[in-house]
Amino acid sequence: MVWRINSLQELKKLARAFAKKAARRAAKRRGALVIGLVGDLGAGKTTFAQAFLRSFGIRGRITSPTFILMKRYEFRGVSRFVSHGFASIFHIDCYRFKKPQELITLGFKEILADPKNIVVIELADRVKKILPKNTLWLYFEHGKKENERFIKTRNYSPIPSFANASAGRRAN
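Residues numbered from 1 in each chain as written. Predicted model: local features only at pLDDT ≥ 70, side-chain atom pairs only at ≥ 80, totals over all residues. Heavy atoms only, no water.

Novice: Just give me the short version of the overall build of the chain, but keep the residues and values in it.
Specialist: For the chain, the helix and strand inventory stands at five helices and eight strands. Taken from N to C terminus, the helices and strands of the chain fall in the order β-α-β-α-β-α-β-α-α-β-β-β-β. A burial count over the chain gives 48% of its 172 residues as buried. Considering only residue pairs separated by 6 or more positions, the chain has 69% of its internal contacts joining residues 24 or more positions apart. Total accessible area on the chain stands at roughly 9,500 Å², and carbon and sulfur atoms take up 49% of it. (Helix = DSSP H or I, 4+ residues; strand = E, 2+ residues; numbered from the N terminus. Buried < 20%, exposed > 50% of the residue type's maximum accessible area, 1.4 Å probe, protein only. Contact = heavy atoms within 4.5 Å. Areas by Shrake-Rupley, 256 points an atom, 1.4 Å probe, with all protein chains shown as cover.)

Novice: Got a sec to walk through the nonpolar core? Specific residues and values, please.
Specialist: Counting residues in hydrophobic clusters, the biggest one holds 32 residues, and the most contacted among them are I35, F48, F52, F56, I118 and V120. Listed by contribution, the elements that provide at least two residues to this core are β1 (2–5), α1 (8–25), β2 (33–39), α2 (45–55), β5 (117–122) and β6 (136–142). When residues no more than four places from it in sequence are discounted, the contact partners of V120 are I35, L37, A49, F52, L53, I89, F90, H91 and I92. Judged by nonpolar contacts, the second largest core, of 19 residues, contains F90, C94, F108 and A124. (Core = buried A, V, L, I, M, F, W, Y, C linked by side-chain atoms within 4.5 Å.)

Novice: Outline α1, listing residues and values.
Specialist: End to end, α1 covers 26 Å across 18 residues, agreeing with the expected 26 Å (1.5 Å per residue, within 8%). Within α1 the residues assigned to the buried category are E10, L11, L14, A15, A17, F18, A19, A22 and A23. Packed against the buried residues of α1 are β1, β2, α2, β6 and β7 (149–153). (Expected span 1.5 Å × (residues − 1).)

Novice: Break down a positive patch on the surface for me, citing the residues and quoting the values.
Specialist: On the surface, K12, K13, R16, R54 and R59 cluster together to form a positively charged patch. Looking at which element gives the most residues to the positive patch, the answer is α1, with three residues. Within the secondary structure layout, R59 lies in the loop between α2 and β3 (70–74). With relative accessibility at 61%, the residue R59 sits in the exposed group. (Patch = residues over 30% accessible without salt bridge, like charges linked within 9 Å, V, L, I, M, F, W, Y side chains within 5 Å. Salt bridge = Lys/Arg side-chain N within 4 Å of Asp/Glu carboxyl O. Lys, Arg positive; Asp, Glu negative; His and termini not counted. Charge placed at Lys NZ, Arg CZ, Asp CG, Glu CD.)

What follows is the structure, encoded as structure tokens:
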């Protein structure tokens, strides 16, 4: 599935819809819900991650953890309805990782084992070898126009209803 996005508002709307559908489908998993974001710099990965986290009730400033590598957000004071039963979201940026093993040293296996965790990973292709097979992959590409982006999913289409929104959708 491929979505054409023409504005930041459309990208945020897509992220919210993705979060809602992914959380509902996550009930069947054994470990953490893992979302891998892949794409060039400036393609929308961080903006998507920010809107995704906000859809779970995370407040305050959300920045890409490029320099701190990983940031944990806990669902304190957030209703189970909003959090869908999750306890934490981990936002990881793999820009500075040279080897997947570097992520393991940060306790990544324990994070993945907990089904109450959501893990959003920017530049996830750098650590693909250690990610679970059920990782939800999103690929971000620049379009020809200034704010145009294409977001592709592979083997997973959590947002069929988004086709009715303002962003365009085209089949793979």
